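Per-entry structural report
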Amino acid sequence: MPQYKAPLRDVKFLLNEVFDYPAHYASLSNGGEATPDMVDAILEGCATFCEEILSPINHSGDLEGCHFENGNVTTPKGFKEAYAEYVAGGWQGLSHPTEYGGQGLPMSLNLMKSEMMGTANWSFTMYPGLSLGCMNTVMQYGNDTQKNTYLPKLVSGEWTGTMCLTEPQCGTDLGQVKTKAEPVGDGSYKITGTKIFISAGEHDLSENIIHIVLARLPDAPKGTRGISLFIVPKFMVNADGSAGTRNPVVCGSIEHKMGIRASATAVLNFDEAIGYLIAEPNKGLEAMFTFMNTARIGTAVQGVAHAELSYQGALPYAKERRSMRALSGKKDADQVADALIWHADVRRMLLTQKAVAEGGRSMIYHAAKLADNMVNGILEGNQAKYEDYDNQLGFYTPILKGFLTEMGLESANLGMQVFGGHGYIKEHGMEQIARDARISTLYEGTTGIQALDLLGRKVLLQTRGKCIKEFTNEIIGFAKAHAFSGGPLGSMARALIRRSLRWKWSTLRIMLRAAKDRDTVSSSSYDFLMFSGFVMLGYFWLQQAVVASEKLAKGGKETPEFYKSKVQTAEFYFERMLPRADGHRKAMLATSASTMAMDNEHFVMG
Ligand SMILES: Cc1cc2nc3c(=O)[nH]c(=O)nc-3n(C[C@H](O)[C@H](O)[C@H](O)COP(=O)(O)OP(=O)(O)OC[C@H]3O[C@@H](n4cnc5c(N)ncnc54)[C@H](O)[C@@H]3O)c2cc1C
């Protein structure tokens, strides 16, 4: 059973040596409290909570699952106590405003916290994670009464929140939402309809649950332009702020799922439940998507989390389990056979997991800085700053969400593979990681939808290729400085420059083709996303390798072995993983002809 150990050494390397977070926090209007000592204390406190409280109930929570009876949901043993500790520790309000009881720290710290918590126990993390979406919506769009009514208890964690978008007939295409909202006449609305797949929709962890619900007003225009957003509390809120009478929003059942079994996924029936309009009428979808980038990056974290946990499980096993002799001769001569880790193919699997976990983490930490600056734009009332950073984040988001969750899933599978047949057996916990990881490419926008968002929206529609031009120029600018140095850094930098130039040219070719062949946008999108992900991950691995090489030469905060392993992982990435980008490039440059040629009737079985 993988017992989670927070990778604090890697976290501190990224924070202090690669991304200079102390300087970043010093530049933020809400970063004053995030001194290096405070950041260390938060990370260490979070690590202890994750290792001692969340990790031990990860496997048992999977085995037990959630229980449903008469509309009530009970979480697995230990979850209620763990949540109470989470609330008592003040973890929920880490990055939320002090006026509502939060600690007002930069958003990046919350992302770092989520990675640790999610790796230790993704199912548990879903409960406070969904609250975050609810809090952000109320904070951005709620009026003062709504903010004062709901935020203090959401920020403390006493109440939790949900995001109720999906209905039986639609998840991706929310223009088909049918749930109705009828005005009562006193400013409130009666909400009627069924929402499915609602994470944390019903449970026993908190006293009240605040649902954010997409619904249609009478006579609303059809499609996405006629959707409004409502706050619907499970229990109505009394004048003194306490939870009062029950609102008719009832859990009809919970799903029996492949993974994240300790996270309750509810069918919610709204039967004239009282709700309150939030944001402008018919602008609900726009409002919902304001914080979409940060929500999706929150899910990208799941890719890193499962790669990390699966690696933490596979590594000790590969060192202990023995099988045959290494091809280059006996390594553990006094033993019956050599340890798995001596075999090159097992090392390929471990190094792939390590490259995804550590490389993915660095991508998230970079995006987290952009998110901090975006929030600062809001806090300073500086719209231009907010939009600039939101746009930058908007470019990273589909790549991080789509690519990192696909690679996290691959890494989780590799962890099972290292265990051989034992990986398939429940008691080792490795198959749980693969099952838990599977959802990450589906919710919060499937990989296909991330790919369309990247190529169709961000690249073609919104920027006419400018975002790729700017980003590849940034990569080339950085890589150029190392391209002529000897040794591994030089060859890595040159490989990255070649791929960046191809990224730019290939985008142009796809743009020209898309003008005539509309299906190209969809048929090329997945390979475009994966190509982009491999090159972007290369950029972040080169940055780590450059810093580690400097520290190896001049000395740094970590041991020489740590820096050496960074350079070696980067070399592995460039030699063994980055070339996969070339296959995706070839596929993305193909026309849509072979994909679209077959008639629907000819997709026959047998
Ligand atoms: C465990 C779990 C938790 C969830 N939590 C929540 C939650 O808290 N709140 C909530 O509201 N929802 C939640 N969901 C729902 C989830 O977000 C949706 O399932 C997801 O958005 C996909 O929608 P769908 O299932 O309707 O698939 P569909 O939209 O029917 O898509 C089916 C397939 O078609 C593809 N596709 C669809 N449209 C296009 C297109 N235009 N071009 C190319 N390909 C396309 C998709 O990529 C996918 O592969 C959850 C789901 C699960 C399973």
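Everything here concerns the structure above.
Read on for a plain summary of the structure. Remember, it's a predicted structure, so these values are computed and weren't measured experimentally.

A few words on the pairing of strand 4 (residues 180–183). As defined by bridge partners, strand 4 adjoins strand 5 (residues 188–199) across four bridges and the pair is classed as antiparallel. Residue pairing for strand 5: Pro-183 is matched across the bridge by Tyr-189. The antiparallel pairing of strand 4 with strand 5 creates a hairpin that spans four residues between the two strands, and Gly-185 there sits at a positive phi of about 110°.

This part covers the site of the ligand. Around the ligand, a shell composed of 19 residues is seen, among which Thr-166, Thr-172, Phe-197, Ser-199 and Thr-446 lie nearest. Within the contact set of the ligand, a nitrogen atom lies 2.7 Å away from a side-chain nitrogen or oxygen of Thr-166. Gly-171 places a main-chain nitrogen or oxygen 3.0 Å from an oxygen atom of the ligand. Relative to its unbound accessible surface of 990 Å², the ligand loses 61% to contact with the protein. If you list the elements that add at least two residues to the shell around the ligand, you get strand 5 and helix 14 (447–462). The dominant element in the shell around the ligand, judged by the number of residues it contributes, is strand 5, at three residues. Classifying every residue of the shell around the ligand gives 11 nonpolar, six polar and two charged.

On to the packing of aromatic side chains, then. Throughout the structure, instances matching the rule amount to 24 aromatic pairs. Judged by centre distance (5.3 Å) and plane angle (75°), the rings of Phe-13 and Phe-562 are edge-to-face. With Phe-13 in helix 1 (residues 8–18) and Phe-562 in helix 18 (residues 560–577), the pair connects residues that are 549 residues apart, well separated along the chain. Note on Tyr-396 and Phe-471: the rings are 5.6 Å apart at their centroids and 80° apart in plane angle, and the pair reads as edge-to-face. Residue Tyr-396 is found in helix 12 (residues 383–418), and its partner Phe-471 is found in helix 15 (residues 466–483); the two are separated by 75 residues along the sequence.

A few words now on the pattern of salt bridges. The full count for this structure, using the stated rule, is 25 salt bridges. Between Glu-470 and Lys-466 there is a salt bridge, and its shortest N-O distance comes to 3.4 Å. Linking Glu-470 with Lys-466, this pair stays in helix 15, spanning four residues, or about one helical turn. Two residues, Arg-499 and Asp-582, come together in a salt bridge whose shortest N-O distance is 2.8 Å. Of the two residues, Arg-499 sits in helix 16 (residues 487–514) while Asp-582 sits in helix 19 (residues 580–588), which places them 83 residues apart along the sequence. Owing to a relative accessible area of 7%, Arg-499 belongs among the buried residues under this scheme.

Let's shift gears to unusual backbone geometry. One non-glycine residue, Phe-197, lies in the positive phi region at around 60°. When you line up the elements, Phe-197 lands in strand 5. A positive phi is found at Glu-272, a non-glycine position, where the angle reads about 60°. Taking the relative accessible area as the measure of exposure, Glu-272 reaches 44% and is therefore partly exposed.

How each quantity is defined
- Residues numbered from 1 in each chain as written.
- Predicted model: local features only at pLDDT ≥ 70, side-chain atom pairs only at ≥ 80, totals over all residues.
- Heavy atoms only, no water.
- Pairing = 2+ DSSP bridges.
- Helix = DSSP H or I, 4+ residues; strand = E, 2+ residues; numbered from the N terminus.
- Near = heavy atom within 4 Å.
- Polar contact = N/O pair within 3.5 Å; in protein donor to acceptor, adjacent residues only side chain to side chain.
- Areas by Shrake-Rupley, 256 points an atom, 1.4 Å probe, with all protein chains shown as cover.
- Nonpolar A, V, L, I, M, F, W, Y, C, P; charged D, E, K, R; others polar.
- Phe/Tyr/Trp six-rings, centres within 6.5 Å; stacked < 30°, edge-to-face > 60°.
- Salt bridge = Lys/Arg side-chain N within 4 Å of Asp/Glu carboxyl O.
- Buried < 20%, exposed > 50% of the residue type's maximum accessible area, 1.4 Å probe, protein only.

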